[in-house]
Amino acid sequence: MAPPVGRSAGRPAQRGSEAPRAACPVQVVAEALGRPGRRRGRELEAAIFEAALDQLTSGGFARLTMEGVAGAARTGKAALYRRWASKVELVIDALDSTLPRPTDTPALGSARAELHHLVESFVSVTSSRAGGAVSALMAELDHDQAELFKDFIAQRMLEPTKAVILAILRRGAERGDVRPGAATPLVADVVPAMLLYRIKVCGRRTGPEFVDQLVDEVLVPLIRP
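I will try to describe carefully the structure that is included in this document. (Residues numbered from 1 in each chain as written. Predicted model: local features only at pLDDT ≥ 70, side-chain atom pairs only at ≥ 80, totals over all residues. Heavy atoms only, no water.)

**Describing the overall build of the protein**
The secondary structure content of the protein amounts to 11 helices and 0 strands. Along the chain direction, N to C, the helices and strands of the protein fall in the order α-α-α-α-α-α-α-α-α-α-α. Expressed as a percentage of the 225 residues in the protein, the buried residues total 36%. Pairs at least 24 apart in sequence give 69% of the contacts found in the protein among residues at least 6 apart. By element, 54% of the accessible surface of the protein is carried by carbon and sulfur atoms, the whole surface being about 13,400 Å². (Helix = DSSP H or I, 4+ residues; strand = E, 2+ residues; numbered from the N terminus. Buried < 20%, exposed > 50% of the residue type's maximum accessible area, 1.4 Å probe, protein only. Contact = heavy atoms within 4.5 Å. Areas by Shrake-Rupley, 256 points an atom, 1.4 Å probe, with all protein chains shown as cover.)

**A closer look at the packing of helix H10 (residues 190-201) against helix H11 (residues 208-223)**
Between H10 and H11, whose axes approach to 11 Å, the crossing angle comes to 140 degrees. Relative to H11, H10 is oriented oblique. The interaxial crossing formed by H10 with H11 has right-handed handedness. Side by side, H10 and H11 meet where Val-190, Val-191, Met-194, Leu-195 and Arg-198 of the first sit next to Phe-210, Leu-214, Val-218, Leu-219 and Leu-222 of the second. Among the residues forming the contact of H10 with H11, the class breakdown is 9 nonpolar, no polar and 1 charged. (Axes fitted to C-alpha atoms, helices over the stretch in contact; angles between N-to-C directions. Parallel < 35°, antiparallel > 145°, perpendicular 65-115°, else oblique. Left-handed = near helix turned anticlockwise from the far one by under 90°. Nonpolar A, V, L, I, M, F, W, Y, C, P; charged D, E, K, R; others polar.)

**A closer look at the packing of helix H6 (residues 111-126) against H11**
Contact pair H6 / H11: the axes reach a minimum separation of 10 Å and the direction vectors enclose 135 degrees. The angle between H6 and H11 places the two elements in the oblique class. The two elements H6 and H11 cross, and the hand of that crossing is right-handed. From H6, Ala-111, Arg-112, Leu-115, His-116, Val-119, Glu-120 and Val-123 reach across to H11, where they touch Val-211, Asp-212, Leu-214, Val-215, Asp-216, Leu-219, Val-220 and Ile-223. When the residues that make up the contact of H6 with H11 are grouped by side-chain class, the tally is 10 nonpolar, 1 polar and 4 charged.

**Here we look at unusual backbone geometry**
Located in the positive-phi region is Arg-74, a residue other than glycine, with phi close to 55 degrees. With respect to the helices, strands and loops of the structure, Arg-74 is situated in the loop between helix H3 (66-72) and helix H4 (77-81). Residue classification places Arg-74 among the partly exposed positions, given a relative accessible area of 48%.

**Here we look at the packing of aromatic side chains**
For the structure on display, the rule yields 2 aromatic pairs. Between Phe-49 and Trp-84, the ring centres sit 5.7 Å apart and the planes meet at 55 degrees, which makes this aromatic pair tilted. Of the two residues, Phe-49 sits in helix H2 (residues 41-59) while Trp-84 sits in the loop between H4 and helix H5 (87-98), which places them 35 residues apart along the sequence. With a relative accessible area of 3%, Trp-84 lands in the buried category. Positioned over the ring face of Phe-61 is Lys-87, at 4.4 Å from the centre of the ring. (Phe/Tyr/Trp six-rings, centres within 6.5 Å; stacked < 30°, edge-to-face > 60°. Lys NZ or Arg CZ within 6 Å of the ring centre and 35° of its normal.)

**Examining H6**
Along its 16 residues, H6 runs 22 Å from first to last C-alpha, staying within 8% of the 22 Å computed at 1.5 Å per residue. Taken together, the buried positions of H6 are occupied by Ala-111, Glu-114, Leu-115, His-116, Leu-118, Val-119, Phe-122, Val-123, Val-125 and Thr-126. (Expected span 1.5 Å × (residues − 1).)

**Comments concerning the pattern of salt bridges**
Think of it this way: side chains of opposite charge can pair up when their charged atoms draw near. If you walk through the whole model with that rule in mind, you get 8 salt bridges. The partner of Lys-77 in a salt bridge is Glu-67, and the shortest N-O contact between them spans 3.3 Å. Pair noted here: Lys-77 is in helix H4 and Glu-67 is in helix H3, with a separation of 10 residues, a long-range link. Judged by its relative accessible area of 45%, Glu-67 falls in the partly exposed class. One salt-bridge network, in which partners are shared between bridges, spans Glu-114, Arg-171, Arg-175 and Asp-177. (Salt bridge = Lys/Arg side-chain N within 4 Å of Asp/Glu carboxyl O.)

And the structure:
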């Protein structure tokens, strides 16, 4: 005769509730890693960077804490300190991973078009989430804190942008629509200087109208043959 439903053949029925079966260790680990909120590797790092940028833009660097970032990223504070010794290092890595890398401007036939393309790209970065975090950071830094970040901002944003500007000016000089000798570090400083002044000192957002004004009213007259 077939065994009753729920009972294995040849095994006597157990009285009361059955004892829980021990889970396979591999299954336990897999289930733990699959629980909502648990992250590993790059996924966890991305969540931490997102939380750091959110805190930086909403509350500023002074109010950003490792505990707050850990809570927003749904991880433990120890996970942050295993990677970064301080919030300074965390913020620098978060910005470095998020800010787009400056690239060479394509040859567009005129220095004006190429400069417009570059300034438009730079403005787009400053208007992005990471750019907003940079603006918030720069707006509140005192002298001691500024020392910690100025090298990063210079090497990651300003110097690459100036290098692209110099390449545009040299190409324009060869083409004949840029005056000889215009490709100097001082001229290349104009774009980042104007943008940083507009954001940090004036506290004003930049947009398409500002891009046109900076190119047509400042840069083109400055470099015209």
